[in-house]
Amino acid sequence: MTKENIIEILSEVKDPEIPVLTISDLGILRSVKYADDFIQIQITPTYSGCPAMDMIQEDIRTELAKYGLQNVEIKQVLSPAWTSDWMTEDGKKKLQAYGIAAPAPHHCTHNGEDQPESCPLCHSQNIEMISRFGSTACKALYRCLDCREPFDYFKCH
Amino acid sequence: MDLLTNYILHQADNALILGHRNSEWTGHGPILEQDIAISNIALDLIGQARNFYQFAAYRLNELSPSEKITEDDLAYLRDEHEFKNFVLVEQPNGDWANTILRQFYFSSYQLLLFRELSNSPYPELAAICEKSIKEIRYHVKWSSEWVIRLGDGTEESHGRMLNAMQNLNPWIAELFQPVDFDYEADETEAGILPEILKDEWYQRVNRILETATLPTISSEKKSMQLLSGKKGVHSEYLEPLLAEMQVLQRTYPGSQW
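Residues numbered from 1 in each chain as written. Chains lettered and ligands numbered in written order. Predicted model: local features only at pLDDT ≥ 70, side-chain atom pairs only at ≥ 80, totals over all residues.

S.K.: When you look at the overall build of chain A in this model, what are you seeing that I'm missing?
M.R.: Scanning chain A from terminus to terminus reveals 3 helices and 7 strands. Helices and strands in chain A line up, N terminus first, as α-β-β-α-β-α-β-β-β-β. With the C-alpha coordinates of chain A rotated into their principal frame, the extents come out at 55 × 25 × 25 Å. Expressed as a percentage of the 157 residues in chain A, the buried residues total 38%. (Helix = DSSP H or I, 4+ residues; strand = E, 2+ residues; numbered from the N terminus. Buried ≥ 20, exposed ≤ 12 C-beta atoms within 10 Å, placed from the backbone.)

Shown next, in the form of structure tokens:
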């Protein structure tokens, strides 16, 4: 068992809310240290109150336990603050395919005015915002005016 | 309890109490999207509270290694006089106008304070504030828009905003009044004295109030407030709030999901 093996195992841990994304896709998995049979993991929470973080920690332990690895310490690291810029390109593609619009590329000014590029379903740019606050802290609710379907937008954060 | 830990608890208590108040709207919001919005804001605040309580617990455990205090002990087992939140945030929700105005006043303050604290030489404090600021900007934007929408709305909505201002304005002065832990924070440079935020807070708030066709507020007005939430001297509203919030943990100590 090497550190690389462990990272591979951890890269399978999914976001409980958006199960097509892994914690690697999201940039939540910050670092892994493995020495003397002891695994030290650092993760970064996305939003302050994100309830998925507790679940993700449980899932990390469960996943490692499957391989008999139980000597695990998980630390939440707050700095530097998580940003949606850490989402991988692969992650963004998976998100779109799942029907959630990916976060606006790179450093938005956090004035709450970043927009999705297009409807993830029909790709029209004729869209409107219903609410900046969606079903989870990270998402806003939009509607496509062409295909008339609602969709979630993963906010730039 | 050392003063710097009290400074951190003040931040935690503000976030927890206001988060709790906002969560009282869950399932009762005026329309679905706003029910979701205020629940999300409550969640952000409770998340911030957790970060601050965890840091406070860590400090307390460092200072007295025989204890083993957790974030839950701090949130659920302290009594009213031990809470250090502003009197503003414990005020009951009232109607929607009252709720959004309370959020507007508090978040505008939190934004300015955390902007400074993001540069604190205490890395944990800086980290929590740097992280929280991104969420607070949404809270300010959301509440500002509501102040304008209701202020510059109908006769009824405008009237309700005036009532809200009458209710909440008396609690503004406390935001800028230092107590012992503020002086300590300033001396150690861990934090700042709140007075330095006063002018900018009034400027920003009045700009929105003007746009909302509401009366602006004067920073010169002398405060008649005898209460000091920061000193543990609260209004009659905190006790019933804590009774409800803490009852489960106090009845079944150590219970977990």
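S.K.: Before we go on, may I ask you to explain the overall build of chain B in this structure?
M.R.: Counting its regular elements, chain B contains 10 helices and 0 strands. N-terminal to C-terminal, the α/β element order of chain B is α-α-α-α-α-α-α-α-α-α. Taken over the C-alpha trace, chain B has a radius of gyration of 18 Å; the compact-globule value for 257 residues is 18 Å, and the two agree within 12%. Expressed along its principal axes, the backbone C-alpha trace of chain B runs to roughly 60 × 40 × 35 Å. Here chain B, with 257 residues, has 41% of them falling under the buried criterion. Relative to all contacts within chain B whose residues are 6 or more apart in sequence, the contacts with residues 24 or more apart total 70%. (Rg over C-alpha atoms; globule rule 2.2 N^0.38 Å. Contact = placed C-beta atoms within 7 Å.)

S.K.: Can you walk me through the packing of helix H5 (residues 96-117) of chain B against helix H7 (residues 155-168) of chain B in this structure?
M.R.: Each packed pair of helices is defined by two parameters, the angle between the axes and the distance between the axes. Residue and element names in this part refer to chain B. In contact at an axis separation of 9 Å, H5 and H7 are set at 55° when each is read in the N-to-C sense. Taken as axis vectors, H5 and H7 run oblique relative to one another. Of the two possible hands of crossing, H5 and H7 adopt the one that is right-handed. Mapping the contact onto sequence places Ala97, Asn98, Leu101, Arg102 and Tyr105 in H5 and Ser157, Arg160, Met161, Ala164, Met165, Asn167 and Leu168 in H7. Considering only residue class, the contact of H5 with H7 consists of 7 nonpolar, 3 polar and 2 charged. (Axes fitted to C-alpha atoms, helices over the stretch in contact; angles between N-to-C directions. Parallel < 35°, antiparallel > 145°, perpendicular 65-115°, else oblique. Left-handed = near helix turned anticlockwise from the far one by under 90°. Nonpolar A, V, L, I, M, F, W, Y, C, P; charged D, E, K, R; others polar.)

S.K.: Got a minute to help me understand the interface of chain B and chain A in this structure?
M.R.: Quite often, the size of an interface is put as the accessible area lost when its parts meet. On the chain A side, the residues contacting the 22 residues of chain B number 17 residues. When residues in the side of chain B that touches chain A are grouped by element, the largest group, 12 residues, is from helix H6 (residues 123-151) of chain B. Split into classes, the residues belonging to the side of chain B that touches chain A amount to 9 nonpolar, 5 polar and 8 charged.

S.K.: I keep staring at the domain arrangement of chain A and nothing clicks. Help me out?
M.R.: Residue and element names in this part refer to chain A. Assigned domains within chain A: domain 1 (3-82) and domain 2 (85-154). Taking only C-alpha atoms, the centre of domain 1 and the centre of domain 2 are 25 Å apart. On the side of domain 2, 12 residues touch domain 1, which itself brings 12 residues to the contact. Residue classes in the side of domain 1 that touches domain 2 are distributed as 7 nonpolar, 3 polar and 2 charged. (Domains from an automatic or database assignment.)

S.K.: How do you make sense of unusual backbone geometry when you look at a structure like this?
M.R.: What is expected of a backbone is that most residues other than glycine have negative phi and most peptide bonds are trans. All names here are of chain A. Residue proline 80 follows serine 79 across a cis peptide bond; omega there is -10°. Relative to the helices and strands, proline 80 is located in the loop between strand E3 (72-76) and helix H3 (89-98). In this structure, aspartate 36 is a non-glycine residue whose phi angle is positive, near 50°. Along the chain, aspartate 36 falls in the loop between strand E1 (29-35) and strand E2 (38-43).

S.K.: Help me understand the pairing of E1(A) in this model?
M.R.: Each regular strand carries side chains that alternate between the two faces of the sheet. All names here are of chain A. Where E1 lies against E2, 6 bridges are found, and the strand directions are antiparallel. By the bridge assignment, valine 32 is partnered in E2 with isoleucine 41. The hairpin turn running from E1 into E2, its antiparallel successor, is 2 residues long, and aspartate 36 in that turn takes a positive phi close to 50°. (Pairing = 2+ DSSP bridges.)

S.K.: How should I be thinking about the pairing of strand E7 (residues 150-154) of chain A in this particular structure?
M.R.: Residues and elements named next belong to chain A. Extensive coverage of E7 is indicated by the burial of 4 of its 5 residues. As judged from the 2 bridges shared by strand E4 (residues 100-101) and E7, these two strands associate in the parallel manner. Bridged to alanine 101 within E7 is tyrosine 153. Sheet topology note: the strand E6 (residues 139-144)/E7 ladder contains 5 bridges and is antiparallel. Looking across to E7, one finds that tyrosine 142 is bridged to phenylalanine 151. Where E6 folds back onto E7 in an antiparallel hairpin, the turn is made up of 5 residues, including arginine 148, whose phi is positive at roughly 65°.

S.K.: Would you explain the sheet that holds E1(A) in this entry?
M.R.: In sheet architecture, strand pairing relies on hydrogen bonds along the backbone and comes in two forms, parallel and antiparallel. All names here are of chain A. Strands sit in the order E1-E2-E3 across an open sheet of 3 strands; the sheet is mixed. Across the chains shown, the open sheet's two edge strands, defined by having one partner strand only, are E1 and E3. Strand after strand, the sheet turns through a mean of 15° between neighbouring axes, direction not considered. Packing against the sheet, helix H1 (residues 3-10) makes contact with E1 and E2, and its axis sits at approximately 145° to E1. Against the sheet, helix H2 (residues 52-65) contacts E2 and E3, and its axis sits at roughly 160° relative to E3.

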